[in-house]
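Residue-level structural notes
These are the residues of each chain, in order.
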Amino acid sequence: DTIRIFNCHLESIHLEKSNFTTIDKIQSREYTDNDSTELNNLLGKLKNATIKRSGQSDTLSDAIKNSPYPVIVCGDFNEIECSYTYHKIKTHNNLIDAFRESGRGFGGTFIGKLPSFRIDYILHSQKISTWNFVTGKRKLSDHFAIYCKFDIESK
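Now for a description of the structure that goes with this document. Each chain carries its own residue numbering, running from 1 in the written order of its sequence. This being a predicted model, a pLDDT of at least 70 is required before a residue's local features are given, and a value of 80 or more before pairs of side-chain atoms are given or counted; all residues contribute to the totals for chains, interfaces and linings. Each side-chain value is worked out from all heavy atoms of the structure, with water and hydrogens disregarded.

1. Considering the pattern of salt bridges
Selection criterion: Here, a salt bridge means any Lys or Arg side-chain nitrogen found within 4 Å of an Asp or Glu carboxyl oxygen. Working definition: helices are DSSP H or I runs of at least four residues, strands are E runs of at least two. Numbering for both runs from the N terminus. Accessible area is worked out with a 1.4 Å probe on protein chains only. A residue is then buried under 20% of its type maximum, exposed over 50%, and partly exposed in between.
Enumeration over the complete set of coordinates arrives at 6 salt bridges. The residue Glu81 makes a salt bridge to Arg118 at a minimum N-O spacing of 2.8 Å. Here the residue Glu81 occupies a position in the loop between β2 (71–76) and α3 (84–90), and Arg118 occupies one in the loop between α4 (98–102) and β4 (120–124), the gap between them amounting to 37 residues. We classify Glu81 as partly exposed; its relative accessible area is 22%.

2. Quick notes on helix α1 (residues 17–27)
Spelled out, the test is: Throughout, the arc means that of the directions going from the helix axis to the C-beta atoms. Between two residues, a contact is recorded if the distance between any of their heavy atoms is within 4.5 Å.
Looking at α1, one finds that the buried residues are Asn19, Thr22 and Ile23. Buried residues in α1, looked at end-on, bunch into an arc of 100°, giving them a common side. Contact partners of the buried residues in α1: α2 (36–65). Phi turns positive one or two residues past the end of α1, at Arg29, with a value near 60°.

3. Digging into the environment of Lys45
Secondary-structure assignment places Lys45 in helix α2. Judged by relative accessible area, which is 16%, Lys45 ranks as buried. Considering only alpha carbons, one finds Lys45 and Leu15, 30 residues apart in sequence, at a separation of 7.6 Å. In contact with Lys45, other than residues within four places in its own chain, are Ile13, His14, Leu15, Glu16 and Asn19.

4. Quick word on the sheet that holds β4
Note the cut-off: Here the rule is simple: two strands pair whenever DSSP picks up at least two bridges between them. Lines fitted to C-alpha atoms define the axes, with helix axes restricted to the stretch in contact, and inter-axis angles between N-to-C directions lie between 0 and 180 degrees.
Strand order across the open sheet formed by 4 strands is β1-β2-β4-β3, with mixed pairing between neighbours. This sheet does not close on itself; its edge strands, each paired only once, are β1 (4–9) and β3 (96–97). Sheet analysis places β3 next to β4, joined by 2 bridges and oriented antiparallel. By the bridge assignment for β4, Asp97 is matched with Leu123. The sheet contacts of α2 involve β1 and β2, and relative to β1 the element is tilted by about 175°.

5. As for the environment of Ser116
Assignment of secondary structure puts Ser116 in the loop between α4 and β4. In sequence terms Ser116 and Tyr147 are 31 residues apart; their C-alpha atoms lie 17 Å from each other. With near-sequence residues (within four places) excluded, Ser116 lies in contact with Phe106, Gly108, Thr109 and Phe110.

6. Remarks on the nonpolar core
What counts is decided by this rule: Buried Ala, Val, Leu, Ile, Met, Phe, Trp, Tyr and Cys residues form a nonpolar core when they are joined through side-chain atoms within 4.5 Å.
Residues Leu60, Ile64, Val73, Phe77, Ile89, Leu95 and Leu123 are the most contacted members of the largest nonpolar core, which totals 13 residues. Going through the elements one at a time, β1, α2, β2, α3 and β4 are the ones with two or more residues in this core. Contacts of Val73, omitting those with residues within four sequence positions, involve Phe6, Leu60, Ile64, Ile89, Leu95, Tyr121, Ile122 and Leu123. Of all hydrophobic cores here, the second largest spans 7 residues; its members include Ile72, Ala98, Ile128 and Cys148.

Just distances and angles here, no functional claims.
Here you go:
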C-alpha cells in the first residue's frame, strides 16, 4: 500500500558556550544580577526558537492533514511532549506516538548538559502499528537514534 513519510528537523535553540555557562550558574545557584544580560540572551533564544517551531508545526500539521495516505512522521521536534508543537502535530492529526505504543523507560533522546528529554519522535496514522521501539545508546550526534518496526494495515 502507499504511505507518506514526513521527516523533519524543527528549529533548534542554537545554544552557544556562553548559554551553557549561564545554565551552569543557574543550576549551581551562582547566578547574580550581573548575569542578567546572558540570561536575557538565553531566554530570547528559547522564545525565538519556540515561536519558529510553532509556525513550522502548523505548516507540517496542515501537510499531514492533507495527505491522502496514512503517514509516518519522524524527526527532531526540539520540543518535549507537553509542548504546542508536539500536540499540534500529534493530536491535530490523530497520530499515535510509537514510543508510547511500544517503547520502554524514559526515552530521552537529547545528549547534553540539559536533562535528556525526549525531543525526537516517530508518530504514525491509526492504520499503522509499531513494535520494538528502541532508543539507541551510541553517541553518533547530540541525539540518540530512535527506531521501531511497523505493521501497515492493507485495504
